[in-house]
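One letter stands for each residue in the lines below.
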Protein chains: 2
Amino acid sequence: MDDRTLLRIIRPVIGTDACSDDCAILPLPCGILVTSTDMLHERSDFPKGITDWQIGWMSAAVTISDIAAMGAEPVQLVLAIGLDDEDRLKGIVTGASDCCNQFGATYAGGDLDAHHELTIVSTGLGIITDGQPVQRRGAKPEELICVTGVLGRAIPGLTDKRFWKDLCEPQPRVEEGIAIRKAGATAMMDISDGLALSLYDIAEESGTGMTITGSSIPIPEDVDHSEAMTAALFGGGDFELLFCIPENSYQSLNLPCTIIGRVTDEPGVIMDGRILEKKGYLHHWYE
Amino acid sequence: MDDRTLLRIIRPVIGTDACSDDCAILPLPCGILVTSTDMLHERSDFPKGITDWQIGWMSAAVTISDIAAMGAEPVQLVLAIGLDDEDRLKGIVTGASDCCNQFGATYAGGDLDAHHELTIVSTGLGIITDGQPVQRRGAKPEELICVTGVLGRAIPGLTDKRFWKDLCEPQPRVEEGIAIRKAGATAMMDISDGLALSLYDIAEESGTGMTITGSSIPIPEDVDHSEAMTAALFGGGDFELLFCIPENSYQSLNLPCTIIGRVTDEPGVIMDGRILEKKGYLHHWYE
């Protein structure tokens, strides 16, 4: 089983709405609060050679990215840190604190624990005071499918030093997420598990299909083309935003981004006329 | 090093305020939000024989207890679950969901991950719309020191079946915490690491001392007296509230609780005329 399969076990217990987005949503009288929590641990999430400072940065960044993907402003982050070695603590909290400062959130402490494998759970709060969060389920046929930035930059970092910082110091698209929400996007998520799975997620939540053009996907120019496409579609670790937006709303979006396709009526995700394989970064359970 | 020592590493990075209470505090225009995060894992937190449902309950309860200790109303809980065995998921989420329902919070999903050791991080939000949270640092000399409930009931559960549910299904004191805040308590925390450490924590944060009477501590009557006192003072696992309150405010508190002593000028914690040992439940790091 993978985590998307396990979600089917949770849904009947806690309700479908709670499982469908990067963040949980809590309406308050003065705004809408969004909450995201992410578990990262040494063996499955941190590349070999990453520094403790980068581990802290990454732990904060993945959560801030989920908040950005709702079009919200990050306000607070707490970390639960299960430490295998106390000497790592200072680097980790400094990295997390620097990332929070960069993106406008307060790093507000958390919990400390001993753990045989370094394990960090990062939980963040964001707020929207001038509208509604952008969920995954609002896409409608005929809308444009767009992405921010250049995809497929994280995975090459495993072997190519030029991309090491892209892998270890992801930059959440906070300003971009807010601008995209305000322009009228109908669905959004970050592509941290790869573009392909993200397209399927939005399509399934929205009850639509997606059709995209491979050559329009923005990938690095100085990398083998086929490897870069594989990293972008199926690799994970990129923290760009994928969103759907009506064509007339797109005109008002003053942001560098790339149109890669259109939302369709028919279920499924099509690239260049063929079904796009539904695979990407999935947590697989120990058997 | 233990977790209280490690806090000294974190404080210079993120500021003293963020490390001093059960919850982080976020003022919003419509109320004050409090956030707590707790990491629990198999080997150090879950007694042998505990069911998955009880693990889920306990994971939610410890966090809701931190919210209660600020005098706040729990509103939302998210869980990051690192699963060693997918078959445990349903029991865990059902237990957490039942605990949330019992205490008025929405269980709003979270994150799923694979982990060699079952690891759960529970993060909760609470809100106060009619006042300020009760922190640890507000106690003043002459005030009464009080506790809710009966202490020392969790640790005996390790060997005595009569207390098994006290150990595995803690009951956060949500209504009590709100009533205590409204009555005008000046300092409060839950005693999950034992009464002794909690007295020291409030004394140190408040810049006061504490003097208590051993015979006034409420302990179970049908347990060996010395064992029960040790469990109450140094054992941990009880989720009752410890608070300080001016004598005239106490009169307005319509709640069963027990006065165990008085706040003093002199630093330190004194029980029956002697210094109370500063020990309790501490996470110790692997060497």
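Computed from a prediction, not measured in an experiment: that's the story for all the values here. (Residues numbered from 1 in each chain as written. Chains lettered and ligands numbered in written order. Predicted model: local features only at pLDDT ≥ 70, side-chain atom pairs only at ≥ 80, totals over all residues. Heavy atoms only, no water.)

1. With respect to the sheet that holds strand E4 (residues 106-114) of chain B
All names here are of chain B.
Then comes step 1: What the 5 strands build is an open sheet, ordered E1-E2-E5-E3-E4; its pairing is mixed. The open sheet has two free edges, formed respectively by strand E1 (24-28) and E4, since each of these has just one partner strand. Taken pair by pair, the neighbouring strands of this sheet meet at an average axis angle of 15°, ignoring direction.
Then comes step 2: Taken together, the 7 bridges between strand E3 (residues 73-83) and E4 define a ladder with parallel strand orientation. In the sheet register, Leu83 faces E4, and the bridge partner there is Ala114.
Then comes step 3: Its contacts with the sheet put helix H3 (residues 52-68) on strand E2 (31-41), E3 and strand E5 (119-128), and the angle it makes with E5 is roughly 35°. (Pairing = 2+ DSSP bridges. Helix = DSSP H or I, 4+ residues; strand = E, 2+ residues; numbered from the N terminus. Axes fitted to C-alpha atoms, helices over the stretch in contact; angles between N-to-C directions. Contact = heavy atoms within 4.5 Å.)

2. Remarks on the relation of the copies chain B and chain A
Then comes step 1: Screw-axis analysis of chain B against chain A gives a translation of 0.0 Å along the axis, an RMSD of 0.0 Å, and a rotation angle of 180°. Put plainly, the chains are arranged around a two-fold axis. Judged by C-alpha distance, Cys30 of chain B is the residue of chain B that lies nearest the rotation axis, at 2.7 Å.
Then comes step 2: Looking at chain B, 100% of its interface residues are interface residues in chain A too, so the copies touch through the same face. (Least-squares fit on C-alpha atoms with pLDDT ≥ 70 in both.)

3. Focus: the domain arrangement of chain A
Residues and elements named next belong to chain A.
Then comes step 1: Split into domains, chain A comes out as domain 1 (22-128) and domain 2 (144-275).
Then comes step 2: Spacing between the C-alpha centres of domain 1 and domain 2 amounts to 23 Å.
Then comes step 3: Counting from both sides, the interface comprises 23 residues of domain 1 and, opposite them, 18 residues of domain 2.
Then comes step 4: Taking both sides of the interface into account, the surface hidden between domain 1 and domain 2 amounts to around 1600 Å²; carbon and sulfur atoms contribute 65%. (Domains from an automatic or database assignment. Buried area = accessible area lost by both parts, 1.4 Å probe.)

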